[in-house]
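Chain by chain, the residues run as shown.
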Amino acid sequence: MLRCSSLTQARFQSMNLHFYQNRQLELYASKEAQRLSLRQLVFYGRFMSEERLIKSANYVRTELPVRLAHRIRDLQALPYAIVMQEGVSKVYELYWSAFEKLRRFPRIETLEDNERFCTFLRGLLDEHAVIIPNLSLGLSLSSPHLPPDQLDAFMRRMLVSRISRRVLAEHHIALEEDHIGIIYTGLNVEKSVQRCTALLHQLTHSSNDPGALSKDYIQWPAVTIEGHVGAQFAYIREHLEYIIFELLKNAMQTTVAVHGRKSVLPGILVTIVTASDSIGIRISDQGGGLLNPQIRTPSDLFSFSHVRNASRLEQDYLGLLKTASASPTGMRATVDELVSRWKDEWRQREDGTSLKNDPELKSGVGRHPRLGIGLAMCNIFARYFGGSLELVSLDGWGTDVYLKLPKLGTNLEGIEV
């Protein structure tokens, strides 16, 4: 007979209590999320006053537990064995703890109260950095027990909701710090592409393994930008640049993998188009396309189900997720996080320090975890305010990626109940 550790038993008993003593959860889950648009977020940032700041704090204070309650209910709707799965149970506990803390947090009345609330929010953001790898691990292990459509719909709801909560918290913190929030009202698309390209061009690359360290460095392909290069719109820069960085990184890696030793690598073409209500970005590469025996269609790369993307149950993939899940740095899904690990590698290489001395870097899950979910996260970010991401593979030649984002700022957050 198998014996559970005292920690596992305590968690089992705690989760049983949550499942059946949930009157407060029912109360919050019965409320609808008060979704916001980019325009509303910008309005609060532009016309800030002490009264508005306190009003914003109380909105965030009351809205976050509602959104958490919906997702806790989502978790409770899964088969109980899946909720107890490694990774999923950790997310459940973190969500329940945050829900209890938020619903008990006293009303904000003064600027001093708001400072304490912002400190509290920063702590939650740090604590929840492990959500993505834990959720990905738990659902990957549960993939054989859930139909692909159900699994992907669940992950989409969980991740979009996570983005929405972080946006609310980070936007309010930025307001408290005398900023206009996290929205860039005149975000220049060309400059964002140039920034991501410059960051990638600072990195080195191995011809055999795009993720490996090597003394045999190869220059990354050049990026040409065309179209409506002066296009600007109001958007969250962190979201846009995460998507662009990931897409350019993938395009560069596949181009080098296919063309490796050529003296001049085929370039990557970025086309920017502004329409009346949207911004379109196409990224075209000559990296051979997406032909892969593990997937049937390009959109399967967005899936968390092993039925659509067989890599989700590979032992190497699961091992990386387990290590990342145990790391306090987790995964925040930002460009700064993606770049910082490479900078650490550069620093250690220049100092002559062996990477073997750093267990996180050695395992590949330091500040830039290579977890194989970058494209899936890009798709989630794109859909948050009603955008889209489409992959078109010309197998044997290359890939065209089409990103479309709303331009007017009137779309509400794409949160699903």
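This one's a predicted model, so the numbers in the text were calculated from it and none came from an experiment.

Visitor: Teacher, can you tell me more about the confidence of the model for the protein here?
Guide: A low pLDDT means the predicted coordinates there should not be read in detail. Residues at a pLDDT of 70 or more form 83% of the protein, whose mean pLDDT is 86. For residues 206–215, every residue scores under 50 in pLDDT, and the model assigns this stretch 13 contacts once sequence neighbours within four places are set aside. This stretch, residues 354–369, has a pLDDT under 50; its non-local contacts, to residues over four places away or in other chains, come to 39 contacts.

Visitor: Where do I start with the pattern of salt bridges in this structure?
Guide: Where charged atoms of side chains with opposite charge meet at close range, the side chains can pair. For the structure on display, the rule yields 20 salt bridges. Salt-bridge contacts for Arg103 lead to Glu100; the nearest nitrogen and oxygen are separated by 3.0 Å. Highlighted residues: Arg103 and Glu100, both in helix 6 (residues 88–104), separated by three residues, approximately one helical turn. Since its relative accessible area comes to 17%, Glu100 is described here as buried. Here Glu109 ties to Arg107 by a salt bridge, and the two come within 3.5 Å at their closest N and O atoms. Residue Glu109 shares its accessibility class with Arg107, and that shared class is exposed. One network of salt bridges, with partners in common, ties together Arg195, Arg237, Glu241 and Asp336.

Visitor: Would you mind going over the side chain of Ser303 with me for this structure?
Guide: The residue Ser303 is located in the loop between strand 5 (278–285) and helix 12 (315–326) in this model. Look at Ser303 and you get buried, because its relative accessible area is 2%. Of note is the side chain of Ser303, whose polar atom sits 2.8 Å from the side chain of Asp152.

Visitor: Please explain the nonpolar core as it appears in this structure.
Guide: In a soluble, globular protein the nonpolar side chains are often hidden away together inside. Counting residues in hydrophobic clusters, the biggest one holds 112 residues, and the most contacted among them are Leu75, Phe117, Leu240, Tyr242, Leu248 and Ile281. Broken down by element, the residue count for this core peaks at twelve residues, all from helix 9 (residues 148–176). When sequence neighbours within four positions are dropped, the list of residues in contact with Leu240 reads Leu187, Ser192, Phe233, Tyr235, Ile281, Leu403 and Leu405.

Visitor: Please clarify how the pairing of strand 4 (residues 268–274) should be interpreted in this entry.
Guide: When strand 2 (residues 223–227) meets strand 4, the two strands line up parallel, connected through five bridges. Considered in strand 4, the bridge of Gly227 is made with Ile272. Looking at chain direction, strand 4 and strand 5 are connected through six bridges and run antiparallel. In the strand pairing of strand 5, Leu269 is matched with Ser284.

Visitor: Would you mind going over helix 15 (residues 374–384) with me for this structure?
Guide: Helical geometry: 3.6 residues make up each α-helical turn, so side chains three or four residues apart lie on a common side. The element helix 15 is extensively covered by neighbouring structure, given that ten of its eleven residues are classed as buried. Taken together, the buried positions of helix 15 are occupied by Gly374, Leu375, Ala376, Met377, Cys378, Asn379, Ile380, Phe381, Ala382 and Tyr384. In the core, the buried residues of helix 15 are packed alongside helix 8 (131–142), helix 9, strand 3 (232–236), helix 11 (237–259), strand 6 (388–394) and strand 7 (398–406). Phi turns positive, to about 90°, at Gly386, one or two residues after helix 15.

Visitor: How should the packing of aromatic side chains be read in this particular structure?
Guide: For any pair of aromatic rings, geometry is given as the distance between the ring centres together with the angle between the planes. Tallying each qualifying case throughout the model produces eleven aromatic pairs. An aromatic cluster of three or more residues is present, and its members are Tyr28, Tyr92, Trp96 and Phe99. Across from the ring centre of Tyr95, 4.7 Å away, lies the NZ or CZ of Arg165, which sits over that ring. Note that Arg312 overlies the ring of Phe304, its terminal NZ or CZ placed 5.4 Å from the centroid.

Each value, and the rule that gives it
- Residues numbered from 1 in each chain as written.
- Predicted model: local features only at pLDDT ≥ 70, side-chain atom pairs only at ≥ 80, totals over all residues.
- Heavy atoms only, no water.
- pLDDT = per-residue confidence, 0-100.
- Contact = heavy atoms within 4.5 Å.
- Salt bridge = Lys/Arg side-chain N within 4 Å of Asp/Glu carboxyl O.
- Helix = DSSP H or I, 4+ residues; strand = E, 2+ residues; numbered from the N terminus.
- Buried < 20%, exposed > 50% of the residue type's maximum accessible area, 1.4 Å probe, protein only.
- Polar contact = N/O pair within 3.5 Å; in protein donor to acceptor, adjacent residues only side chain to side chain.
- Core = buried A, V, L, I, M, F, W, Y, C linked by side-chain atoms within 4.5 Å.
- Pairing = 2+ DSSP bridges.
- Phe/Tyr/Trp six-rings, centres within 6.5 Å; stacked < 30°, edge-to-face > 60°.
- Lys NZ or Arg CZ within 6 Å of the ring centre and 35° of its normal.

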